[in-house]
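# Structural overview
Residues per chain are reported as follows:
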Amino acid sequence: MPPTGGAEKRCAATPHDAALQVSKLAAESVICLVIPENTRIDAEILSILEPISKDEKIECAQVDEQTAKDLLKNVGFTTLPLIYLRGDCVGGIQELKKLHESKLVESFLKKHDYDLIVIGGGSGGLAAAKEAARLGKKVACLDYVKPSPVGTTWGLGGTCVNVGCIPKKLMHQAALLGESINDAKRFGWQIPEGQIKHSWTKMKDAIQDYIGSLNWGYRVQLREKSVTYLNSYATFTGSHEISATNKKGKVEKLTADKFLVAVGLRPRYPEIPGAKECCISSDDIFSLPYNPGKTLCIGASYVSLECAGFLHGVGNDVSVMVRSIVLRGFDQDMAERIRKHMIEKGIKFLNGVPTKFEQLKERTESEPGRVRVHYQIANEKGATEIVTEEYDTVLLAIGRDAKTEDLGLEKIGVNLSKSGKILGRREQSRSLPYVYAVGDVLDGCPELTPVAIHAGKALMRRIFTGNMEITEYDQVPTTVFTPLEYGSCGISEDDAITKFGKENIVVYHNVFYPLEYVVPERIDKDHTYLKLICTKEGERVIGFHILTPNAGEVTQGFAISLKFNATKTDFDRLIGIHPTVAENFTTLTIVKKEDQELKASGC
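Below: a short report on this structure.

Conventions we followed
Residues numbered from 1 in each chain as written. Predicted model: local features only at pLDDT ≥ 70, side-chain atom pairs only at ≥ 80, totals over all residues. Heavy atoms only, no water. Patch = residues over 30% accessible without salt bridge, like charges linked within 9 Å, V, L, I, M, F, W, Y side chains within 5 Å. Areas by Shrake-Rupley, 256 points an atom, 1.4 Å probe, with all protein chains shown as cover. Salt bridge = Lys/Arg side-chain N within 4 Å of Asp/Glu carboxyl O. Helix = DSSP H or I, 4+ residues; strand = E, 2+ residues; numbered from the N terminus. Buried < 20%, exposed > 50% of the residue type's maximum accessible area, 1.4 Å probe, protein only. Phe/Tyr/Trp six-rings, centres within 6.5 Å; stacked < 30°, edge-to-face > 60°. Core = buried A, V, L, I, M, F, W, Y, C linked by side-chain atoms within 4.5 Å. Contact = heavy atoms within 4.5 Å.

A grouping of Phe187, Trp189, Tyr513, Leu515, Val518 and Val519 is seen on the molecular surface, where their side chains present a nonpolar patch of about 610 Å² in accessible area. For Phe187, the position within the fold is in the loop between helix H8 (165-186) and helix H9 (200-224). By relative accessible area, Phe187 is classed as partly exposed at 48%.

Here it is, written out as structure tokens:
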């Protein structure tokens, strides 16, 4: 049918209102064109769309310059026209021609089994599936966990629920409770004499029971929202089509208007003899049927340090092997403070590179076995040499990779990064507009569960209602759950120096004593620290960092201040809650200098 026009002029009071109205029109239309005001639709566009549109009306909106800017910013393109097919912004003339040459335009207009198919039942995928269903869309969600090299699998919910945030935080809590027993004595509690023991099995079973309840809850939620759940592995086999293979090998073809890939990442294994045969990863540690015993955590990642922290906290002999610095990508001043604190707690740090693993004793259902680790070090003379050490358990935490090679994404034209992540224009595939991604599998996205959840929900509202809501991927608060927790938001001191120049920033910092540490005289009190990184001009706060118990609770609240471009003066005006660790951010006066000694003061 011939195009209709002028949609943005119906009742728009501002350019943003006009953009919102056009975005909603695009989301609701089978075909929608957005062109500059007082122009005509390009004949080349019509020559492609009119022959295949049949009875479908081609909507057209003519927009002014400011409205165009708002729309272009929202979808990630730079110029008009914008062409939408079933709510997917495919781009302009060149992008449409490319789809047409690949015979893909017709497939956008076909009727499909579902409005949306979500591939991946983790936090982002589940959030998106439920939100799309709430908006009245027909949704299917596929989730399939390939076993780890030692055979570990898990239920619906993804990494965070099963082998990440949830069990990690609970084991971290178990370690903290162990230390609190000693604190309790100093506060007058009569603790029975003798050795206090920890049961790994009881802890593991309790945590796994809770995780099991979450797995079941997610399935119930999907059923209640009429989302079709399939415990099947998805592979793209054609335009708008996947093959879903279940555990029995049965294959089912499914089609959809849109696909959301939310498959997350899996632990990386090095190309070293014995790595997959002798080592475990974070996929395995939380469901081990036995105490891992003497453990080597290989890697400088937050996963490695967090696992080392709680394993040591429940009584194990733990070492961490790193190549060089720890927590690459985080503030290195804070990272070094974490390393020093963990060393003082009794966790050993080794500088080396593993070269070979040998299984000396096989693991069983009740014992971890024994592994000999060969690793390369630099000796006192600077020469390299190979040394060996034996451990009950070796945990690899050297990074995580996107396992997208078996999804068939490249076969249908989805461009991937070198690491296998989906290259996106925001959450939309740059090369195939009906494919979207959220969470860790999206290139450039912070690898954090709340980010995936927010992105999944916001994306569904944007593509199905046209509300123009986007996920902001900067100034995202996060916490590393090491024995002393590290909370941060904004940029690191290192990045601030790189971006603004050392002479153009000012860092306010101090040490402090958490009140709960002073009576039991915990060594941890000598490592707590906080700082605000500010621009020198205007003293806008651009980085927030704290090393303290309960850092996550502190950081979450203060993070909103960075969203509103708070200044150091705003922090100074805020009256603190006494006695808390958080109140120290309201009284910072010390500017960071070289070789500066800090001393904590009392009330």
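So, about the packing of aromatic side chains. Scanning the model with the defined rule gives 11 aromatic pairs in all. With a centroid separation of 5.7 Å and 80° between ring planes, the pair formed by Phe108 and Tyr434 is classed as edge-to-face. Of this pair, Phe108 sits in helix H5 (residues 105-109) while Tyr434 sits in the loop between strand S22 (428-429) and strand S23 (435-437), and the two are 326 residues apart along the sequence. Taking the relative accessible area as the measure of exposure, Phe108 reaches 2% and is therefore buried. What makes Tyr434 buried here is its relative accessible area of 0%. For the ring pair Phe544 and Phe585, a centre distance of 4.2 Å and an interplane angle of 20° mean the geometry is stacked. With Phe544 in strand S28 (residues 541-548) and Phe585 in the segment after helix H19 (568-573), this residue pair connects regions lying 41 residues apart in the sequence. Just as Phe544 is buried, Phe585 falls in that class too.

Quick look at the nonpolar core now. If you look at the biggest cluster of nonpolar residues, it comprises 69 residues, and the most contacted ones within it are Leu260, Ile285 and Met460. Of the residues forming this core, the biggest block, 7 residues, is contributed by H9. Aside from chain neighbours lying at most four places away, what touches Ile285 is Met171, Trp200, Ile280, Pro292, Cys307, Phe310, Leu311 and Leu395. Grouped together as the second largest cluster of nonpolar side chains are 53 residues, Ile58, Val105, Ile117 and Ala140 included.

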